[in-house]
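Secondary and tertiary structure notes
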Amino acid sequence: MKRIRLISVLLVVVMMLSLASCGKDKETSADIKNSDGSNKETTLKIMFFQNKPTGMEDVLEEFYKETKDTLNVKLDIEWVPGIMDLKDKVKLKMAAGEEYDLVWDAPSANMLTLIPQGAYVPLEEYFNNDKYPGLKKVFSEDFLEANKMSGHIYGVPLVNDWGMNVDGTVVRKDLREKYAPDGIKTPEEFTAFLEAIKENEPDLIPYAADGSSGLRQSLIQTAEAIDPLKSNIYSYSIGGWPFYFGLNEDKTGLSTPVVPLGAPGEQWEVFGKYNNLEDFYSRYNEYARLNPYLEKDVLAQKDRNALFYSGKAAMVSGDLGVFDSYITQMKERGYEVEWISFKQEINEMQPAAIESTFVARNFACVPVTSKKVDRVMEFLNWIFEDKSHHDLFELGIEGKNWEAVGDEMYKFPDDVDPTTNYNFPGYELTWTPEYVRYMEGTPEEIIDLRKYAADKESYVKSPLSGFFFENEPIKTELAQISSVGKELESPMLCGIYENPRDEWEKAYKKVEKIGLDKVREELEKQLTEFFDENK
């Protein structure tokens, strides 16, 4: 692993030099400071995804007014409508050496590809630094350590709870009361509810899903074998391909070889009592079982939430941290909603009940072509330095877009339509458990659950925390395997295949010929080195 990291560092240096040569030199003190030491005005070029929030210009004008004599920055934000479009655009812009100062990225998007290419600036010098008290206040050393990639912090990690989103399902309360008056607490009650909607509400789709995420966050019951807290069997996906491996009793090293999904039956015997092959496909079998409750052309659906908000669906997957949005959107359409989970340890708010790597799903990254790294980090520090700064970007202008109700709650002014109000994607810039406001009217049990999810004592640290697979040694094989994995992903998540195991095994035979075993060996090698270095 040390040799791999050394190669990665050398690659970063070479690529940073080549990318930086595409633009101008970094700003000097004379470029950014006036003679009296104040900041000269500058503009930060930013790329986010989603549509531009209504009222964004008003929020920016308020920001400029508040920071004219301090930060003195303007923001030029390019809004790219979809995440897939942004992924492609970021790769093209970084390859061309085009100058951006801040972009959204994620390990599931481009980070693990772009970091070895030297596309992003290491930012660790700005954290735990008294010159940046906001960043020091919000980002703890252990959280930053968990989010290091190739030994560096390549983006500001953004989370609103430490579980990196606590998944569940949102259901229309009127339909739940009608068809499940005693509540939905078990997988059997969940299925009975969906069946009741299908039989009695022909104009409704029982479960809203879309082609990109399918049933990934849905309420499903899976085998004990793929619950690492019970079996000590973990998984790691590379190029869309899941690999399974066992850990020893104290979780400090591998106890089995790495086995890719789709592999022949005899390879699974290494998992001892958990060698029932069907168990490892239980998640996909559940997706297939639930497929009849999705809309027929689910692969073409682009936005599951829009489908749910339209009143045409009874349920939708939704993580706990953004439940406020569902309350707001559905209330304006005349519906109440509830959030449900089958995980008893979460429902009972048990301590140390959720295993987490503490790795963020979202990051604000500074491209190496930026000449204004200090100014970018000053801006981010400003956001996290004070709750009022954070609230300006996340909620909008106080008194116009929202009103404070004590220190923890907020509400919308009477003359504001929440469905057309300012709605900023906080996961791209502002998320932190340090500054959370709950919308007035949020059920007490949901507030309690969200506080539970924001408490580190609710979690146990995953043994894989801090592990990131480095793609460089197998990039040729990975490119080929990823193309096969991507073909499988959406249909598999949407339950299109009646027999998921057959499809995985067919695909395995394809990728076996184009380097899957080399990827498996590299993953096993890197895992072994990771555990050896952390003993």
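Residues numbered from 1 in each chain as written. Predicted model: local features only at pLDDT ≥ 70, side-chain atom pairs only at ≥ 80, totals over all residues. Heavy atoms only, no water.

**What about the overall build of the protein?**
- Within the protein, the secondary structure is distributed over 20 helices and 17 strands.
- Against the compact-globule benchmark of 24 Å for 535 residues, the protein has a radius of gyration of 24 Å, which places it among compact chains.
- Looking at the protein as a whole, 54% of its 535 residues are labelled buried.
- The long-range fraction of contacts in the protein, counting pairs at least 24 apart against all pairs at least 6 apart in sequence, stands at 76%.
- Split by element, the accessible area of the protein, about 23900 Å² in all, is 47% carbon and sulfur.
- Charge-centre separation for the protein: the mean point of 62 positive side chains lies 4 Å from the mean point of 95 negative side chains. (Helix = DSSP H or I, 4+ residues; strand = E, 2+ residues; numbered from the N terminus. Rg over C-alpha atoms; globule rule 2.2 N^0.38 Å. Buried < 20%, exposed > 50% of the residue type's maximum accessible area, 1.4 Å probe, protein only. Contact = heavy atoms within 4.5 Å. Areas by Shrake-Rupley, 256 points an atom, 1.4 Å probe, with all protein chains shown as cover. Lys, Arg positive; Asp, Glu negative; His and termini not counted. Charge placed at Lys NZ, Arg CZ, Asp CG, Glu CD.)

**Some thoughts on the side chain of Asn 401**
- Relative to the helices and strands, Asn 401 is located in the loop between α16 (387–395) and β14 (403–405).
- Residue classification places Asn 401 among the buried residues on the basis of a relative accessible area of 8%.
- Leaving out residues up to four positions away in the same chain, Asn 401 has contacts with Val 59, Leu 395, Gly 396, Phe 412, Pro 413, Asn 421 and Tyr 422.

**Some thoughts on the packing of helix α15 (residues 373–385) against α16**
- For the pair α15 and α16, interaxial distance at closest approach is 5 Å and the crossing angle is 105 degrees. Comparing the axis directions of α15 and α16 gives the class roughly perpendicular. Contact residues: α15 offers Phe 379, Trp 382, Ile 383 and Glu 385, while α16 offers His 389, His 390, Leu 392 and Phe 393.
- Residue composition of the contact of α15 with α16, by class: five nonpolar, two polar and one charged. (Axes fitted to C-alpha atoms, helices over the stretch in contact; angles between N-to-C directions. Parallel < 35°, antiparallel > 145°, perpendicular 65-115°, else oblique. Nonpolar A, V, L, I, M, F, W, Y, C, P; charged D, E, K, R; others polar.)

**Things to note about the confidence of the model for the protein**
- Per-residue confidence for the protein gives a mean pLDDT of 90; residues scoring 70 or more make up 93%.
- Taken as a whole, residues 1–24 scores under 50 in pLDDT and shows 37 contacts with residues more than four places along the chain or in a different chain. (pLDDT = per-residue confidence, 0-100.)

**Regarding the sheet that holds strand β8 (residues 241–246)**
- Spatially, three strands are ordered β7-β8-β9 in an open sheet, and the strand pairing comes out antiparallel. Strand pairing shows two members of the sheet lacking a second neighbour, β7 (233–238) and β9 (259–260), which therefore form its edges.
- For β8 and β9, the ladder comprises two bridges, and the chain directions are antiparallel. Paired with Tyr 244 across the two strands is Val 259, which belongs to β9. (Pairing = 2+ DSSP bridges.)

**Some details on the packing of helix α18 (residues 475–493) against helix α19 (residues 500–512)**
- Running from amino to carboxyl end, α18 crosses α19 at an angle of 170 degrees, the nearest separation of the two axes being 10 Å. By the angle between their axes, α18 is roughly antiparallel relative to α19. On α19, the residues that touch Ile 481, Val 484, Leu 488 and Met 492 of α18 are Pro 500, Glu 503, Trp 504, Ala 507 and Val 511.
- Taken together, the residues of the contact of α18 with α19 break down into eight nonpolar, no polar and one charged.

**Considering the environment of Gly 426**
- Take Gly 426: it is sitting in the loop between β15 (409–411) and β16 (438–439).
- We classify Gly 426 as buried; its relative accessible area is 5%.
- Taking C-alpha positions, Gly 426 is 44 Å from Pro 264, a pair spaced 162 residues apart along the chain.
- Gly 426 has contacts with Glu 394 and Trp 431, leaving out every residue within four places of it along the chain.

**Re the sheet that holds strand β11 (residues 337–340)**
- If you trace the four strands from one edge of the open sheet to the other, you get β6-β10-β5-β11, paired in mixed fashion. Unpaired on one side and paired on the other, β6 (205–208) and β11 mark the two borders of the sheet. Each neighbouring strand pair of the sheet contributes to a mean axis angle of 20 degrees, computed without reference to strand direction.

**Comments concerning the environment of Ile 340**
- Assignment of secondary structure puts Ile 340 in strand β11.
- Residue classification places Ile 340 among the buried positions, given a relative accessible area of 12%.
- A C-alpha to C-alpha distance of 23 Å links Ile 340 and Tyr 410, two positions 70 residues apart in sequence.

**What about the pattern of salt bridges?**
- As enumerated under the stated definition, the model contains 34 salt bridges in all.
- Of the charged contacts in the structure, one is a salt bridge between Lys 136 and Asp 130, with a shortest N-O distance of 2.5 Å.
- Lys 136 sits in the partly exposed class, given a relative accessible area of 37%.
- Across the pair Glu 286 and Arg 289 runs a salt bridge whose closest N-O atoms are separated by 2.9 Å. With Glu 286 and Arg 289 both in helix α11 (residues 282–290) and three residues apart, the pair spans about one turn of that helix.
- Here Glu 286 falls in the buried class, since its relative accessible area comes to 13%.
- By relative accessible area, Arg 289 is classed as partly exposed at 33%. (Salt bridge = Lys/Arg side-chain N within 4 Å of Asp/Glu carboxyl O.)

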